[in-house]
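Descriptive structure summary
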Amino acid sequence: SDHLLATVVARNVAVQGQGLALCKMGCEIFGFIVPDPPMLPRRYYVRHRSGVHLLTLIGDFSALDVDAVNPVGSTVCSFKKVGDDCVCRVRQH
């Protein structure tokens, strides 16, 4: 069955890097998604609310061909559009 784990909330805030908040089910902010560069980004940094870098999302977001890379440089999962479907592959360590 489907379970909602988190929600991305677009916020109108003056603080750089806190416009996209990653929230747990109870609306508690868990972290932030920071685009790089801010206009037409090719990567997004996912950071815990304490500032700790968790993941970098890299790729072509318009075509949905994206890799998630951990702080040590290992690709941990990928998202790709295949026909009308979104296929996610999680790599085992």
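Overview of the structure. Predicted model, so just to flag it, every value in this text is computed and none were measured. Residue indices begin from 1 for each chain and proceed along its sequence in written order. Under the rules for a predicted model, residues below a pLDDT of 70 receive no local features and side-chain atom pairs below 80 are neither given nor counted, while totals for whole chains, interfaces and linings still include all residues. Excluded from the side-chain calculations are hydrogens and water; all other atoms, namely the structure's heavy atoms, are used.

Helices and strands together make up the secondary structure of the protein, namely 0 helices and 8 strands. By definition, any uninterrupted DSSP run of H or I lasting at least four residues is a helix, any uninterrupted run of E lasting at least two residues is a strand, and each is numbered from the N terminus. Ordered by position from the N terminus, the helices and strands of the protein form the series β-β-β-β-β-β-β-β. Only protein chains enter the area calculation, which uses a 1.4 Å probe; residues under 20% of their type maximum are buried, those over 50% are exposed, and those in between are partly exposed. Going through the 93 residues of the protein one by one, you find that 22% of them count as buried. By the convention used here, residues are in contact when the closest approach between their heavy atoms is within 4.5 Å. The contacts in the protein between residues at least 6 apart in sequence include a share of 3% that link residues at least 24 apart. Accessible surface is estimated by sampling points in the Shrake-Rupley manner with a 1.4 Å probe; for residues, cover comes only from the protein chains shown. Of the roughly 6,800 Å² of accessible surface on the protein, 57% is carried by carbon and sulfur atoms. Of the charged side chains in the protein, 10 are positive and 8 negative, and the gap between their average positions amounts to 7 Å. Charge assignment in this entry is limited to Lys and Arg as positive and Asp and Glu as negative, and neither His nor the chain termini are counted. A single reference atom marks each charge: NZ on Lys, CZ on Arg, CG on Asp, CD on Glu.

Below, the discussion takes up the packing of aromatic side chains. The geometry of an aromatic ring pair is captured by the separation of the ring centres together with the interplanar angle, meaning the angle of the planes. Aromatic pairing here means that ring centres of Phe, Tyr or Trp (its six-membered ring) are within 6.5 Å. Orientation follows from the plane angle: under 30 degrees is stacked, over 60 is edge-to-face, and everything else is tilted. Under the counting rule described, the total for this entry stands at 1 aromatic pair. Plain terms: the ring middles of Tyr44 and Phe61 are 4.8 Å apart, the flat faces sit at 80° to each other, and that makes the pair edge-to-face. Of this pair, Tyr44 sits in strand β4 (residues 43–48) while Phe61 sits in the loop between β5 (53–60) and β6 (65–69), placing them 17 residues apart in sequence.

The next thing to look at is the pattern of salt bridges. In the sections that follow, a salt bridge refers to a side-chain nitrogen of Lys or Arg positioned within 4 Å of a carboxyl oxygen of Asp or Glu. Overall, the coordinates contain 2 salt bridges when judged by the stated rule. Here Lys80 ties to Asp65 by a salt bridge, and the two come within 3.5 Å at their closest N and O atoms. With Lys80 in strand β7 (residues 75–82) and Asp65 in strand β6, the pair connects residues that are 15 residues apart, well separated along the chain. Taking the relative accessible area as the measure of exposure, Lys80 reaches 41% and is therefore partly exposed.

The subject of this paragraph is the pairing of strand β2 (residues 20–24). Bridge analysis of strand β1 (residues 6–10) against β2 gives 5 bridges, and the strand direction is antiparallel. From the neighbouring strand, Val9 faces β2, where its bridge partner is Ala21. Taken together, the 4 bridges between β2 and strand β3 (residues 29–36) define a ladder with antiparallel strand orientation. Bridging from a neighbouring strand, Leu20 pairs with Ile33 of β3. The loop that links β2 with its antiparallel partner β3 comprises 4 residues; one of these, Cys27, has a positive phi angle of about 70°. What makes two strands pair is DSSP finding at least two bridges between them.

Attention now goes to the sheet that holds β1. Here we have 8 strands laid out as an open sheet, ordered β1-β2-β3-β4-β5-β6-β7-β8, and antiparallel in their pairing. Single-partner strands in this sheet number two, and they are β1 and β8 (85–90). Geometrically, the sheet is characterised by an average inter-axis angle of 20° between neighbouring strands, direction not taken into account. Where β3 meets β4, 6 bridges bridge the pair, whose relative direction is antiparallel. An axis is simply a line fitted to the C-alpha atoms; with a helix, the fit covers only the stretch in contact. Between two such axes, the angle follows the N-to-C directions and lies from 0 to 180 degrees.

Everything listed is a geometric property; what it means functionally is a separate question.
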